[in-house]
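Coordinates in review
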Amino acid sequence: MTAGPVLDRSEIVVVGAGVLGLAVAWALGQALGPAARSVLVVDRHPPATQATARAAALLTRARGDAATAALVRDTYAAITSLEEELDEDLGLRRVGTLHVAASPARVEALRTLVTDSTDPVDWLDGDGAARLAPCLSAEAVERAAFMPLDGFIDPVRLADAYRRSARRAGVRIMTGPSVQAIRVEGGRVAGIDTDHGVISAPMVVNAAGAWAAGLAWTAGVGLPQAPVRSQYWITGQHPDLFPRNLPVLVMPDAGAYARPELGALLFGLRGRRSLAFDPARLPDDTAGLDLADADGGWQTLEEGWQALARLCPPLLQAGIAHYVSGLSTYTADGRFVLGPVLEMPGLFMATGCCGAGIAASGGIGRAVAASVLATPGSVDLSPFAPGRLGGVDPCSPALHDACAAARSGKITG
Ligand SMILES: Cc1cc2nc3c(=O)[nH]c(=O)nc-3n(C[C@H](O)[C@H](O)[C@H](O)COP(=O)(O)OP(=O)(O)OC[C@H]3O[C@@H](n4cnc5c(N)ncnc54)[C@H](O)[C@@H]3O)c2cc1C
């Protein structure tokens, strides 16, 4: 293990100041009171400038499993609590989500998806769906399920609210140092090595997003996740076609989702084949990674365009004004990677976001903080256990393919 100057000593170090690291810091700050000064968040970049800054930030509640749905519900509660504490409106746009099924088989899948939900659901026929979302073709919609309590939010604003609350509680945030490795001494975590020196700590939370698997590997821990490209497009301005109160649209028959964006439509396509990356070979900043042209974001658009335009014909006249891509991290089973690493005492995970890290951030923050502090949490993290898929080589092409397939097959928001 390389030695270096001692940069800091803390009780708990959180690596990553994206929405997940900041949500964990916020929850630790809430739980620890004056002892929150023993928590240090480290990031080589300014907070919330990587995946978090690029998210479409749908906060969809229908998730297909109770544990994930509970984490999302906790995010809505976190937003309320942050708004009260900071005495400001965080701009949550509660427009509801319209889950659209374009075939009888998809109606059955949709029933399964929303049946487990404890949140209100209104079932609509094609005409009812088109009344709510005039850009939809009533003829193309078989049935739709509207969940009125859903919404979306500016992801950077939410992350910044977690950050400010954590700071008020006393949590320290250090930007600049790049973490090179997790320090292991006597078979347990002893801190981190950074390019600025050593930070010693008996507990480390790995919330390093697309880089989390590469970082865990420095301690010999194989995480079952891979960085996978996510992408969306924004049309030109057409407030008549895409009013600001348009609901979020989830359209699995087209592998697509959409939401209003200031008089335009933001729409994402999952594509038949998602693009996965080797976590050990990522540049430090995804702005330096060619995400658009490696296999062509435009290829996904061309492949998915027609199925989407059948459901949403105004897209044919709206034109494309922007393209946004970034890295999420996916697991083969579509579940987050959260909680303690059993074979490495002192190491905890808050990663494997599966394109839902904004939606679940509040719940993940609270649940991971509870596992670090060994206090009872409101959500059982065992479905998300880092070791649930056995021994994993995070650099294996087979793992990357399985994680990319999980994104392509996703049917939720
Ligand atoms: C195009 C797109 C659309 C999306 N849409 C949605 C959506 O609609 N809803 C939703 O819930 N989610 C969505 N997501 C996913 C969401 O963005 C992620 O789940 C979330 O941002 C993950 O947060 P994070 O904190 O794990 O990662 P990041 O925000 O990437 O933060 C990780 C941080 O760790 C730091 N870091 C990493 N390694 C090191 C190191 N070695 N040393 C120092 N610092 C390090 C990085 O600098 C970074 O700041 C989308 C993502 C993309 C790309």
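Rules used in this analysis
- Residues numbered from 1 in each chain as written.
- Predicted model: local features only at pLDDT ≥ 70, side-chain atom pairs only at ≥ 80, totals over all residues.
- Heavy atoms only, no water.
- Helix = DSSP H or I, 4+ residues; strand = E, 2+ residues; numbered from the N terminus.
- Buried < 20%, exposed > 50% of the residue type's maximum accessible area, 1.4 Å probe, protein only.
- Contact = heavy atoms within 4.5 Å.
- Areas by Shrake-Rupley, 256 points an atom, 1.4 Å probe, with all protein chains shown as cover.
- Lys, Arg positive; Asp, Glu negative; His and termini not counted.
- Charge placed at Lys NZ, Arg CZ, Asp CG, Glu CD.
- Salt bridge = Lys/Arg side-chain N within 4 Å of Asp/Glu carboxyl O.
- Pairing = 2+ DSSP bridges.
- Right-handed = clockwise from strand over helix to strand, strands pointing away.
- Domains from an automatic or database assignment.
- Buried area = accessible area lost by both parts, 1.4 Å probe.
- Polar contact = N/O pair within 3.5 Å; in protein donor to acceptor, adjacent residues only side chain to side chain.
- Nonpolar A, V, L, I, M, F, W, Y, C, P; charged D, E, K, R; others polar.
- Near = heavy atom within 4 Å.

Description of the overall build of the protein chain
- Across its full length, the protein chain holds 11 helices and 18 strands.
- Expressed as lengths along the three principal axes of its C-alpha atoms, the size of the protein chain is roughly 65 × 45 × 35 Å.
- When burial is assessed residue by residue, the protein chain has 58% of its 413 residues classed as buried.
- For the protein chain, the share of sequence-separated contacts (at least 6 apart) that also reach a separation of at least 24 residues comes to 78%.
- Taken as a whole, the protein chain presents about 15600 Å² of accessible surface, with 52% of it coming from carbon and sulfur.
- For the protein chain, the distance from the average site of its 34 positive side-chain charges to the average site of its 41 negative ones is 2 Å.

Things to note about the environment of Phe267
- Within the secondary structure, Phe267 is located in strand S15 (residues 264-269).
- Residues Phe267 and Ala67 lie 200 residues apart in sequence; the distance between their C-alpha atoms is 27 Å.
- The contacts of Phe267, once residues within four sequence positions are left out, are Tyr232, Trp233, Thr235, Tyr257, Ala258, Leu301, Trp305, Leu308, Leu315 and Ile320.

Brief notes about the pattern of salt bridges
- What the rule picks out here adds up to 17 salt bridges.
- Note that Arg44 and Asp284 form a salt bridge whose closest N and O atoms lie 3.4 Å from each other. Residue Arg44 is found in the loop between strand S3 (39-43) and helix H2 (51-54), and its partner Asp284 is found in the loop between S15 and helix H8 (297-311); the two are separated by 240 residues along the sequence.
- Given the relative accessible area of 24%, Arg44 is considered partly exposed.
- Look at Asp284 and you get partly exposed, because its relative accessible area is 42%.
- Between Arg164 and Asp160 there is a salt bridge, with the nearest N and O atoms lying 3.1 Å from each other. Residue Arg164 and its partner Asp160 are both found in helix H6 (residues 155-169); the two are separated by four residues, about one turn of the helix.
- One salt-bridge network, held together by shared partners, links Arg61, Arg73, Asp119 and Asp150.

Describing the pairing of S3
- The buried count for S3 comes to five of five residues, which makes it a mostly enclosed element.
- Of the two faces of S3, the one holding Val39, Val41 and Asp43 and the one holding Leu40 and Val42 are both buried throughout.
- Direction of pairing for strand S2 (residues 12-15) relative to S3: parallel, over a ladder of four bridges. Along S3, the bridge assignment pairs Val15 with Val42.
- For the crossover that starts at S2, traverses helix H1 (residues 19-32) and ends in the parallel S3, the hand is right-handed.
- The sheet contact formed by S3 and strand S7 (residues 172-175) spans four bridges and is parallel. Bridging from a neighbouring strand, Val42 pairs with Met174 of S7.

Considering the domain arrangement of the protein chain
- Domain assignment breaks the protein chain into domain 1 (6-78 + 155-224 + 332-392) and domain 2 (94-149 + 227-330).
- Interface of domain 1 and domain 2: buried area, both sides summed, is about 2300 Å²; carbon and sulfur atoms make up 57% of it.
- On the surface where domain 1 and domain 2 come into contact, there are three salt bridges.
- In this structure, the connection of domain 1 to domain 2 is made through 13 residue pairs in polar contact (both at pLDDT 80 or more).
- Those elements giving two or more residues to the side of domain 1 that touches domain 2 turn out to be H2, helix H3 (66-86) and helix H7 (212-217).
- Here the residues of the side of domain 1 that touches domain 2 are counted per class, giving 13 nonpolar, 10 polar and five charged.

A closer look at unusual backbone geometry
- The backbone of Ala57 shows a phi angle near 65°, a positive value even though the residue is not glycine.
- The phi angle at Cys354 is positive, at roughly 50°, despite the residue not being glycine.
- Owing to a relative accessible area of 6%, Cys354 belongs among the buried residues under this scheme.

So, the site of the ligand
- The full set close to the ligand counts 35 residues, and Asp43, Thr52, Val179, Cys353 and Ala359 are the nearest of them.
- In the model, an oxygen atom of the ligand is placed 3.1 Å from a nitrogen or oxygen of the Ala51 main chain.
- The separation between an oxygen atom of the ligand and a polar main-chain atom of Ala356 is 3.5 Å.
- Bound to the protein, the ligand loses 97% of the 1000 Å² it would expose on its own.

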